[in-house]
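Summary of the model geometry
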Amino acid sequence: MLAVSVVLWIYLLGFTHADKTPDRDSFLIDKIDNETLAILEDFKFQAGFNPLKLAVENLTNEFHGDYPAEFISTLRNYEYELLQLALEHEEAIPDNQGNGSNGRISEKLEDFKDRFELFRKEALIANPLVCNQPILYVVRHQYKPDHHNTHNFFPSAQHEYNDGSYSPGGALKIIDFRDGRKVTELIKTTRGVIRDPEVHWDGNRIVFSMRRSYDDSYHIYEINADGTGLNQLTFLEDVDDMDPHYLPDNSIVFSSTREPKYVMCNRHIGANIYRMDHDGANIHQITKNTLFDRPTDILPDGRILYDRWEYVDRNFGDAQSLWTVNPDGTNQALYWGNNTPAPGAVIDARIIPGTQKVMAVLSSTHDRPWGALAIIDRRIGMDGRQPVLRTWPDNAIERVKDPGTADDAWDDFVGVRPKYEDPYPLNDKYFLATRMTGEGENTGIYLLDVFGNEIPLHAEEPGCFDPMPLASRTRPVIIPSRRNFENQEGRFYVQDVYEGTHMEGLERGTIKYLRVVETPEKRYWSPGQWGAQGQENPGVNWHSFEVKLIHGTVPVEKDGSAYFSVPSDRFVYFQLLDEEGMMVQSMRSGTVIQSGETTGCIGCHEDRLMTPLVKSMPLALQKDPVRLNGWYGEPRQFGYMAEVQPVFDRNCVSCHDFGLPAGEKLNLAADLNLIFNTSYNELWRKGYIDVVGGGPAEIKQAYSWGSHASRLARVLLNEHESHDEVQLTREEFDRIITWIDLNGVFYPDYSTSYPDNPGGRSPLTASQVNRLGELTGWNLGRQFSHSSNQGPLVSFDRPEISPVLKVFSDTSEPGYIEAMEIIEAGKKSFAKKPDAGMEGFELSGTDLWREEKYQQRLQIELNYRESIRKGLKTYDSEIAGGGE
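Residues numbered from 1 in each chain as written. Predicted model: local features only at pLDDT ≥ 70, side-chain atom pairs only at ≥ 80, totals over all residues. Heavy atoms only, no water.

**Brief notes about the sheet that holds strand β4 (residues 193–199)**
One open sheet accounts for four strands, arranged β4-β5-β6-β7; its pairing is antiparallel. Only two strands of the sheet have a single partner each, and these edge strands are β4 and β7 (231–232). Here five bridges tie β4 to strand β5 (residues 205–211), and the two strands are oriented antiparallel to one another. Pairing of E198 across the sheet is with V207, part of β5. (Pairing = 2+ DSSP bridges. Helix = DSSP H or I, 4+ residues; strand = E, 2+ residues; numbered from the N terminus.)

Right, here's the structure in full:
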């Protein structure tokens, strides 16, 4: 033991004397043999010693007198104890007969770990960022599972879909670690839910969302930091207002369902960002994405950081990423992750103080709003694993996929354990977060740091969420407004369409035009569904989710520039066209211009981290902006039956019809079937068009899809050139290739005359479809999914030629007669009640009710804008149907 004590004293002499030189310390430590040092390091790892040592040293250096100095000396005593255990362990290594006392040392080590963990919590909670300011938090139940991580508010409004998972009970509280962990309740509800608090810049008040009962909706409230002065700010009935944040000028932004529209891949209501004065006046919409926008933080430069779920010609699952927008709704721009296949959702991001990094939740499409935590540095890259510096838990980083490396990986983060949410960076090293406690789905408040420490701060039933300091903080910059409220046009410019990624091999001069396309919002939904890339209620396209509206084309100058006006408040995207009007490259994300705004981009899918090189004023900007010219008439929503099928009727159907040899190869007849029509089904199912559909997250290369890649366009350009009987006019050719380049859409709208029937479109009920299948031996349920569709089996235009009837050899058979009666009934239904895209279609039923509701809400928005223009103040409580 004498040798052990001498070595121990030498080691500690090097550890405790700060004036020792590095060389001398190294010399003293070298007196301990390598085996002992290995044992010591193993014990340190088991106890989590080094992460705490790094944190304590950092806190001591960073906060000086505000952090107790005794933690350093206590830490040294613990290290002394570990070294002693390591030396005892080396002496106690059993001999060949198995003798030794390792069991006793293991017991000592376990006792050490228990005591050291208590010390860890004490040392980390003493962090001035934790103990010198109260921590605000929410108590509530974890949200029930539903379709998407955004859909966790379960609206009670009439005709809404996911209204059955409301879990009442909760409170807004603070915990003060300076005062013996004293918990103070600011407001409590037994029948309602409190969520999404945010502390004012001065630290003296809190804005939050609350729903008082199942029959209520979420509204925005404000309360003083001491629990007094509760004030309701929003009142609109059947509207959910959530996720409020203070802006630097004291106005408030929040997410709201005020524009009643629905996600294209299901039936759930969407939300956008709205802004109001500090007292609740003049609420107005600032984003217009077609799915879901949710503000999560205000950046130091005054922009709003938000997570945005949207897709244009891409799948639903990996399309939720981080974006920014100015407080007036101008300059909407991607921040990070729009082309990353996994995680499927990047949400709840907050800026890390003093850095250009954010902390965010890496989540999944079909999950609650939780997952892994990550630190992301967009300066390293806009997508993929490299910009993700670290994750909690550590191994979650292996789930982050680079663009093009994974398909259908959007739910990979469902399997992460433990799960985190609500991150709040205290500085660049210490973070608050909600985390699973290890008891089912119960959650508590945790403190994490970059050194590897992670401790629970507080937990209570049914769960703790949204932790943040109740303290003042630095106000960001106030950004002057760049919009007006005249509801007029804005102006876009593109500096050079040839600049950017995924444009390899494209020669200058190729691009002649830029087309502006809108993807209108989905105002209606049906119980009946079609199986596209995902679920559609009702069916609208073979594979993708969007309906399209062409606003027009504008010229692209020789230097690649374009400058043009676009109607405000429209969710639009751009396509580059060659001299034949064929699409070369297309955006697969949308943008919005505000009235009076001028904004632009460098090029097409340009590197967003690049600095543009401008040698001279772009040619297009030397002229007035070009006005959009529509497309063969006024802008309108594109319908296959009206815009494309007539071309086939005039030029192709005489050969390509039922019962004809060419029709066996490709049938281009107009006959309506169970959800689309014959020619549409044939062109998609037989691969005559090569389009992206609900495609992957990654950016596609120029020419990789659309008319240039499609067999149908090649046939039209080449095979029929010498056939006098097939001479398409320029307009006819343009109609077909434009349809292909719009991603092969079919219906012009999401409305339907048959919402409860299969596909949300069929004129036959489910029982009629099933009976027709029984009579003919066909599994007609397969007709309502693109992946199993057997082709156009039914014709409601000419029931007698329906291929499904070929099983009958005699038209006098009872089965044939009954089957014909069913198909004839469908024909009569269409004649009496045409569907969307058919002549004579009219809104009816719940769709009509939803349209009336949409127009009422639109008028409310316009009234608020008029109030802003006139310098007046209008409030929800003054609007019909908006007060309590």
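Continuing now.
**So, the state of the cysteines**
Within this structure, the stated rule accounts for zero disulfides. Sulfur of C652: no disulfide; nearest cysteine sulfur belongs to C655 and is 8.6 Å away. A residue is classified by how much of its surface remains accessible, and C652, at 13% relative accessible area, is buried. (Disulfide = S-S within 2.5 Å. Buried < 20%, exposed > 50% of the residue type's maximum accessible area, 1.4 Å probe, protein only.)

**Remarks on the environment of G695**
Among the secondary structure elements, G695 is positioned in the loop between α11 (678–685) and α12 (711–719). Beyond its immediate chain neighbours, meaning those up to four positions away, G695 contacts D313, R314, N315 and R588. (Contact = heavy atoms within 4.5 Å.)

**Quick look at the packing of helix α3 (residues 34–47) against helix α5 (residues 70–91)**
Closest axis-to-axis distance for the α3/α5 pair is 9 Å, and the angle between their directions is 130 degrees. Judged by the inter-axis angle, α3 sits oblique to α5. Classified by chirality, the crossing of α5 by α3 is right-handed. Contacts between α3 and α5 involve E35, T36, I39, L40, F43 and K44 on the former and, on the latter, E79, L82, L83, L85, A86, L87, H89 and E90. Its residues assigned to classes, the contact of α3 with α5 shows eight nonpolar, two polar and four charged. (Axes fitted to C-alpha atoms, helices over the stretch in contact; angles between N-to-C directions. Parallel < 35°, antiparallel > 145°, perpendicular 65-115°, else oblique. Left-handed = near helix turned anticlockwise from the far one by under 90°. Nonpolar A, V, L, I, M, F, W, Y, C, P; charged D, E, K, R; others polar.)

**A few points about the sheet that holds strand β29 (residues 549–555)**
Taken together, four strands build an open sheet; the order of strands is β29-β26-β31-β32 and the sheet is antiparallel. Each edge of the sheet is formed by a strand with only one pairing partner; in this case those strands are β29 and β32 (583–586). Across this sheet, the average inter-strand angle for adjacent strands is 25 degrees, counted without regard to direction. Across three bridges, strand β31 (residues 572–577) lies against β32 in antiparallel orientation. Looking across to β32, one finds that L576 is bridged to Q585.

**A word on the packing of aromatic side chains**
Across all of its chains, the model carries 40 aromatic pairs by this definition. Measuring from centroid to centroid gives 5.2 Å for Y78 and F116, while their planes differ by 80 degrees, and the two rings are edge-to-face. Linking Y78 in helix α5 with F116 in helix α6 (residues 102–125), this pair joins segments that are 38 residues apart in sequence. Taking the centre distance of 5.4 Å and the plane angle of 90 degrees together, the rings of F564 and F574 count as edge-to-face. Taken together, the positions of F564 in strand β30 (residues 562–567) and F574 in strand β31 put the pair ten residues apart, joining distant regions of the chain. (Phe/Tyr/Trp six-rings, centres within 6.5 Å; stacked < 30°, edge-to-face > 60°.)

**With respect to α11**
Across the eight residues that make up α11, a large majority, seven, are buried. Within the sequence span of α11, burial applies to T678, S679, Y680, N681, E682, L683 and W684. In the stretch just after α11, G687 is the one whose phi turns positive, near 75 degrees.

**Topic: the nonpolar core**
Grouped together as the largest cluster of nonpolar side chains are 113 residues, with contacts concentrated most on Y311, L514, F564, F648, L683, L712 and W739. Here this core takes six residues from helix α15 (residues 814–832), the largest share from any one element. Those residues within four positions of F564 in sequence are excluded, and the remaining contacts are G490, R491, F492, V494, L514, V516, V554, F574, P625 and V626. One finds A47, L172, I175 and I455 within the second-largest nonpolar core, a separate group that totals 63 residues. (Core = buried A, V, L, I, M, F, W, Y, C linked by side-chain atoms within 4.5 Å.)

**Focus: the pattern of salt bridges**
This model, assessed by the stated rule, comprises 61 salt bridges. Across the salt bridge formed by K44 and E41, the nearest N and O atoms sit 3.7 Å from each other. Here K44 pairs with E41, and both are found in helix α3, just three residues apart, close to one helical turn. Since its relative accessible area comes to 5%, K44 is described here as buried. Residue classification places E41 among the partly exposed residues on the basis of a relative accessible area of 38%. (Salt bridge = Lys/Arg side-chain N within 4 Å of Asp/Glu carboxyl O.)

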